[in-house]
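An overview of the molecular structure
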Amino acid sequence: SPSFVASSICQSDHLTYTKPYQQRVLFTINGIPVDIVRFCEAIRFHKAKGCILGDSFRHDFCTVQYLRGRRFLEEKLVDDSKSIESESEYHHFKVTMAASGFLLWCCALCCPCFHKERKANSHEVLPKESNSVHQVSSFEMSPSSDKIPPSSFRAPPSPSRVPQSPSRYAMSPRPSRMGPLNLTMSQIATATDNFSDNNRIGEGGFGIVYKGILEDGQVVAIKRAKKEHFENLRKEFKSEVDLLSKIGHRNLVKLLGYVDKGDERLIITEYVRNGTLREHLDAGDHGRKLNFNQRLEIVIDVCHGLTYLHSYAERQIIHRDIKSSNILLTDSLRAKVADFGFARGGPADSNQTHILTQVKGTVGYLDPEYMRTYQLTAKSDVYSFGILLVEILTGRRPVEAKRDHDERITVRWAFDKYNEGKVFELVDPKIPNARERVDEKILKKMFSLAFQCAAPTRKERPDMEAVGKQLWAIRSSYLRRSIE
Ligand SMILES: Nc1ncnc2c1ncn2[C@@H]1O[C@H](COP(=O)(O)OP(=O)(O)OP(=O)(O)O)[C@@H](O)[C@H]1O
């Protein structure tokens, strides 16, 4: 096993790293393997707090690639002047680690074989230094596997080198590739009133989303990639388009067409007009408060969409970014899963249990086992779904940084309360008359299902089809009790 060459204790953190072991170095914080970026953040954080780490701690491995904004990598040498900046990121990371640590601990209690597995995996999780990235709200990390070509981790050209179009709409009237809608750039410009701010409906890491009205009156959503992210997002754009074009399910946002030419990348999808699930959960007293039944129907819809992706699509698709802001609601509060920017095909070969790939997703929803091992399976979506289930029942975001320490990681807080039998204290106070209308047993079943989905290792999580069956059973008993 690898031998530790440096070890230091700062405040409550025990930082260690090993000698290169089979050309990999193992970094740990409090015994939990972490990648180099987390480790360097921890070093900078503690140095900024005055902790003396000792000469044995090298810093030359703290050359990292920054993740700028949502999905933009830039190579940058980290120096100590960044320590203050990194402090909040490290704090954020610690919050996330606390959740994973807690779940690992829960698993250790429930599953005797867990310790063994964790140990066996621990040396597999180390990214090469050049593959490291900073963690922000959403992020990517790369495995050290040689299967991933190093070029995919190179920093994109600087924005200034991205060729600018002399005229934004001086496009060929014949787009290079068409979806079923067969739209030209000028038709899109007309539909969005030249991408006017009035038609802007949102913005994500990929770009800005506009509402458009086509000549035949059809209302669509048009995602327009930010130009400075073109090179880096080229693959992502293609991923979204390729995957979306193959699927059709009422709980998945439908791809209608796209343009990928010159300096424009546009994805045209069906417009889902009632906002995101997160917006509905945030709705204040004057907003539209989702009742328990509506929430239950929404999670069933999401579950159906995921079941389709995992088990019934032409090829298995893993979404990788299931979260409340990627769930769109219709007027009748039916849910549709959106944003396939991080989606990936699952294992092509039935003998393959997983695919080894970069870690992508959003902090708080990310499967800790995937983060540790870079092994992606459909069960990573199941984990995110479990977190989403807790979110929809409690109304709280997965990480609530402003709350008291023991309430910051929502799933952890929920698990503690659940074990204390205080399940009603978990319920979103915005759910109208929850105490009167929702039976405690039903709430317990839902939380229990959420915790199963968010289990630390994939083998403990049910698949989405099994989750669906449990949700249907919960729904039946809920409806039965409402009638009684
Ligand atoms: N098909 C659509 N119909 C209606 N509104 C949409 C549609 N797609 C996206 N939006 C709106 O645009 C916003 C941005 O969407 P987008 O998918 O680009 O980013 P995000 O999911 O919020 O963030 P990120 O991509 O960084 O995870 C959404 O929050 C939503 O309000």
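One numbering rule holds for all chains: residues counted from 1, following each sequence as written. Per-residue local features of the predicted model are confined to residues with pLDDT of at least 70, and side-chain atom pairs are confined, for both listing and counting, to 80 or more; whole-chain, interface and lining totals are unaffected and use all residues.

Once that is clear, we can look at the UniProt feature "binding site: ATP" (unreviewed entry) in the protein. UniProt positions are given in the numbering used here, feature names are shortened, and annotations may be inferred rather than shown by experiment. UniProt records the feature "binding site: ATP" (unreviewed entry) for Lys227 in the present numbering. Here a strand is any run of E in DSSP of at least two residues, a helix any run of H or I of at least four, and the numbering for each starts at the N terminus. Counting through the fold element by element, lysine 227 comes out in the loop between β10 (219-225) and α5 (230-245). Whether a residue is buried, exposed or partly exposed is read from the other C-beta atoms within 10 Å of its own C-beta, which are placed from the backbone; 20 or more gives buried, 12 or fewer gives exposed, and intermediate counts give partly exposed. The partly exposed category is assigned to lysine 227, around which 17 C-beta atoms lie within 10 Å.

For each residue, a C-beta atom is positioned from the backbone; the residue is called near a molecule or strand if that atom sits within 6 Å of it. Residues in close proximity to the ligand total 23 residues, the closest being Gly202, Gly204, Gly205, Val209 and Ala221. At the level of elements, β8 (200-203) and β10 are the ones that each hand at least two residues to the shell around the ligand. It is β8 that contributes the most residues to the shell around the ligand, three residues altogether. Of the residues assigned to the shell around the ligand, the class counts are nine nonpolar, nine polar and five charged. Residues are grouped as follows: Ala, Val, Leu, Ile, Met, Phe, Trp, Tyr, Cys and Pro are nonpolar; Asp, Glu, Lys and Arg are charged; every other residue, Gly included, is polar.

A few words on unusual backbone geometry. The residue arginine 320 is not glycine, and still its phi comes out positive at about 70°. Considering the arrangement of structural elements, one finds arginine 320 in the loop between β13 (317-318) and β14 (327-329). Phi at tyrosine 374 is positive, roughly 65°, even though this residue is not glycine. Inspection of the secondary structure assignment puts tyrosine 374 in the loop between α8 (368-373) and β19 (375-376). The exposure class of tyrosine 374 is buried, given the 25 C-beta atoms found within 10 Å.

For two strands to count as paired, DSSP must find a minimum of two bridges between them. Read from one edge of the open sheet, five strands run β8-β9-β10-β12-β11, paired in antiparallel fashion. Of all strands in the sheet, those bounded by a partner on one side alone are β8 and β11 (255-261). With direction set aside, neighbouring strand axes in the sheet form an average angle of 20°. Angles here are taken between N-to-C directions and fall from 0 to 180 degrees, while the axes themselves are lines fitted to C-alpha atoms, restricted in helices to the stretch in contact.

A set of buried residues drawn from Ala, Val, Leu, Ile, Met, Phe, Trp, Tyr and Cys, joined through C-beta atoms within 7 Å, is what defines a nonpolar core. Among the nonpolar cores identified, the biggest contains 86 residues, and Val302, Phe385, Leu389, Phe447, Ala450 and Cys453 are the most heavily contacted of them. The element that contributes the greatest number of residues to this core is helix α9 (residues 379-394), accounting for nine residues. Two residues form a contact once the distance between their C-beta atoms, set from the backbone, is within 7 Å. In this structure, valine 302 is in contact with Asn251, Ile327, Ala335, Val337, Phe385 and Leu388, ignoring residues within four places of it in sequence. Counting residues in hydrophobic clusters, the runner-up holds 13 residues, among them Leu26, Phe27, Ile36 and Ala42.

Let us look at the environment of valine 209. Following the sequence through the fold, valine 209 ends up in strand β9 (residues 207-213). As a C-alpha pair, valine 209 and arginine 224 span 15 residues in sequence and 6.2 Å in three-dimensional space. Ignoring any residue separated from it by four or fewer positions in sequence, one finds valine 209 in contact with Ile201, Gly202, Glu203, Ala221 and Lys223.

For the rest of this paragraph, the subject is the packing of α9 against helix α10 (residues 410-419). Relative placement of two packed helices is described by the angle separating their axes and the distance separating the axes. It is the contact of α9 with α10, at a shortest axis distance of 10 Å, that shows an interaxial angle of 70°. Looking at the two axes, α9 sits roughly perpendicular to α10. Packed against α9, whose contacting residues are Ile387, Val390, Glu391 and Thr394, the element α10 presents Thr410, Val411 and Ala414 at the interface. Taken together, the residues of the contact of α9 with α10 break down into four nonpolar, two polar and one charged. Under this scheme an angle from 65 to 115 degrees is roughly perpendicular, one under 35 degrees roughly parallel, and one over 145 degrees roughly antiparallel; angles in between are oblique.

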